[in-house]
Amino acid sequence: MSHHPLKKSEMNTNDWYRKSRNGRVIEAPQRHLILCEGEQTEPNYFDGMANKINSKHRGRVSIEVQDTGEGRLKLLETAQEVVKKYVDISHVWLVFDKDDFPKDEFDNTVHKVKTLNKKSKIKYHVLWSNQCIEFWFLLHFIDLKTDIDRKEYINKLNIEFKKHKIVGKYAKNDTQIFDKLLPYYKIAIDRADKIITENKGKAPSQIKPGTNVYEILLMLGKYFE
């Protein structure tokens, strides 16, 4: 699952640039580390994205799965330790859901990341979903703004999979989930961003449903197209 970082001796400066289809030279992305608290769904999704980018820009995105089991703040602490293993990391992304964790811990993790970025050379980001990442998946198909039970996300995803002729039913262990959603990701970005804009000034725990997972696709989307 994990994409291991390159050693300095393995780095090739020629990897930094590549030509696009129209002949333009595109600078490769900076090096990114994505830490997922979930065991299957989030790692599978971001692993698919990493594969797309790394196939064109070798070793630019690495995935780590950290099942801390101790809450969202612990994930940030773990990230600061994990990043020491990597070479030349510029961005660290922490991925987690609200689930049943206390709202204060959920919001405080976002706040602590903002504070950390004032003094850290590495840029930390929080990719949160309230309640769960399936809300982000569903935005690829419908403009949902009403909070529903988590089980309903799966039912609605199966309806949309069938409607869009996507093979199989939705499953948390689906290793192809990124590729299945990829054709619709731009409209999902627009829908998620509109929700955040409409709730400007609110804490993440107050935006339900809501997600800012789209922020990483805004930054890295051009590298896998």
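### Points about helix 1 (residues 41–54)
Right, so step 1: Compared with the 20 Å implied by 1.5 Å per residue over 14 residues, the 20 Å span of helix 1 between its first and last C-alpha is a close match.
Right, so step 2: Of all the 14 residues making up helix 1, 12 are buried; the element is thus mostly covered by neighbouring parts of the structure.
Right, so step 3: Taken as a whole, helix 1 has its buried residues at T41, E42, P43, N44, Y45, F46, D47, G48, M49, A50, I53 and N54.

### A look at the layout of surface pockets
Right, so step 1: In this structure, the largest pocket spans a volume of roughly 490 Å³.
Right, so step 2: In this structure, the largest pocket is lined by 22 residues; those nearest its centre are V110, K114, W128, N212 and E215.
Right, so step 3: Residue assignment for the lining of the largest pocket shows that the elements contributing at least two residues are helix 3 (103–116), strand 6 (123–130) and helix 7 (185–198).
Right, so step 4: Tallied by class, residues from the lining of the largest pocket come to 9 nonpolar, 7 polar and 6 charged.

### As for the pattern of salt bridges
Right, so step 1: Per the counting criterion, the structure on display carries 11 salt bridges.
Right, so step 2: E160 is paired through a salt bridge with K163; the nearest N and O atoms lie 3.4 Å apart. Of the two residues, E160 and K163 both sit in helix 5 (residues 150–163), 3 residues apart, roughly one turn of that helix.
Right, so step 3: Judged by its relative accessible area of 6%, E160 is buried.
Right, so step 4: Using a relative accessible area of 54% as the deciding quantity, one classes K163 as exposed.
Right, so step 5: Salt-bridge contacts for D174 lead to K180; the nearest nitrogen and oxygen are separated by 2.8 Å.

### So, the environment of E215
Right, so step 1: Following the sequence through the fold, E215 ends up in helix 8 (residues 214–220).
Right, so step 2: Using a relative accessible area of 34% as the deciding quantity, one classes E215 as partly exposed.
Right, so step 3: Spatially, the C-alpha atoms of E215 and A192 are 9.5 Å apart, while their sequence positions differ by 23 residues.
Right, so step 4: If we ignore the near neighbours within four places in the chain, the residues touching E215 are W93 and L127.

### Observations concerning the packing of helix 2 (residues 72–82) against helix 3
Right, so step 1: Direction vectors running N to C along helix 2 and helix 3 enclose 30 degrees, while the axes themselves pass 8 Å from each other. With respect to helix 3, the axis of helix 2 lies roughly parallel. Of helix 3, the residues touching helix 2 (which contributes R72, L73, L76 and Q80) are E105, N108, T109, K112, V113 and L116.
Right, so step 2: Classifying every residue of the contact of helix 2 with helix 3 gives 4 nonpolar, 3 polar and 3 charged.

### Description of the side chain of E42
Right, so step 1: Relative to the helices and strands, E42 is located in helix 1.
Right, so step 2: Put simply, E42 is tucked away with no salt bridge, and the nearest opposite charge, on K172, sits 6.6 Å away.

### Concerning the nonpolar core
Right, so step 1: Core analysis: the largest hydrophobic core is formed by 63 residues, its most contacted members being I34, F46, V92, W136 and L217.
Right, so step 2: Here F46 is in contact with I34, C36, I63, V95, L127, I133, V213 and I216, once residues within four sequence places are set aside.

### Focus on the sheet that holds strand 4 (residues 61–65)
Right, so step 1: The strand order across the open sheet formed by 5 strands is 4-3-5-6-7, and the pairing between neighbours is mixed. The open sheet has two edge strands with one neighbour each: strand 4 and strand 7 (210–211).
Right, so step 2: Of the pairings in the sheet, the one linking strand 3 (residues 31–36) to strand 5 (residues 89–97) comprises 6 bridges and is parallel in character. Across the sheet, L35 pairs through a bridge with L94, a residue of strand 5.
Right, so step 3: Along the sheet face, helix 1 touches strand 3, strand 4, strand 5 and strand 6 and points at about 165 degrees away from the line of strand 4.
Right, so step 4: Contacts from helix 3 reach strand 5 and strand 6 within the one sheet, and its direction differs from that of strand 6 by about 160 degrees.

### Comments concerning unusual backbone geometry
Right, so step 1: The omega angle of the peptide bond from N130 to Q131 is 20 degrees, so this bond is cis rather than trans.
Right, so step 2: With respect to the secondary-structure elements, Q131 resides in the loop between strand 6 and helix 4 (133–138).
Right, so step 3: Here the amide bond leading from K208 into P209 is cis, since omega sits at 5 degrees, within 30 degrees of zero.
Right, so step 4: Despite not being glycine, K165 has its phi angle at roughly 60 degrees, a positive value.

Calculation notes
Residues numbered from 1 in each chain as written. Predicted model: local features only at pLDDT ≥ 70, side-chain atom pairs only at ≥ 80, totals over all residues. Heavy atoms only, no water. Helix = DSSP H or I, 4+ residues; strand = E, 2+ residues; numbered from the N terminus. Expected span 1.5 Å × (residues − 1). Buried < 20%, exposed > 50% of the residue type's maximum accessible area, 1.4 Å probe, protein only. 1 Å grid on protein atoms, 1.4 Å probe; cavity = no way out; pocket = protein on both sides within 12 Å on 5 of 7 lines; lining within 4 Å. Points joined across faces, edges and corners; volume = space filled by probe spheres on them. Nonpolar A, V, L, I, M, F, W, Y, C, P; charged D, E, K, R; others polar. Salt bridge = Lys/Arg side-chain N within 4 Å of Asp/Glu carboxyl O. Contact = heavy atoms within 4.5 Å. Axes fitted to C-alpha atoms, helices over the stretch in contact; angles between N-to-C directions. Parallel < 35°, antiparallel > 145°, perpendicular 65-115°, else oblique. Lys, Arg positive; Asp, Glu negative; His and termini not counted. Core = buried A, V, L, I, M, F, W, Y, C linked by side-chain atoms within 4.5 Å. Pairing = 2+ DSSP bridges.

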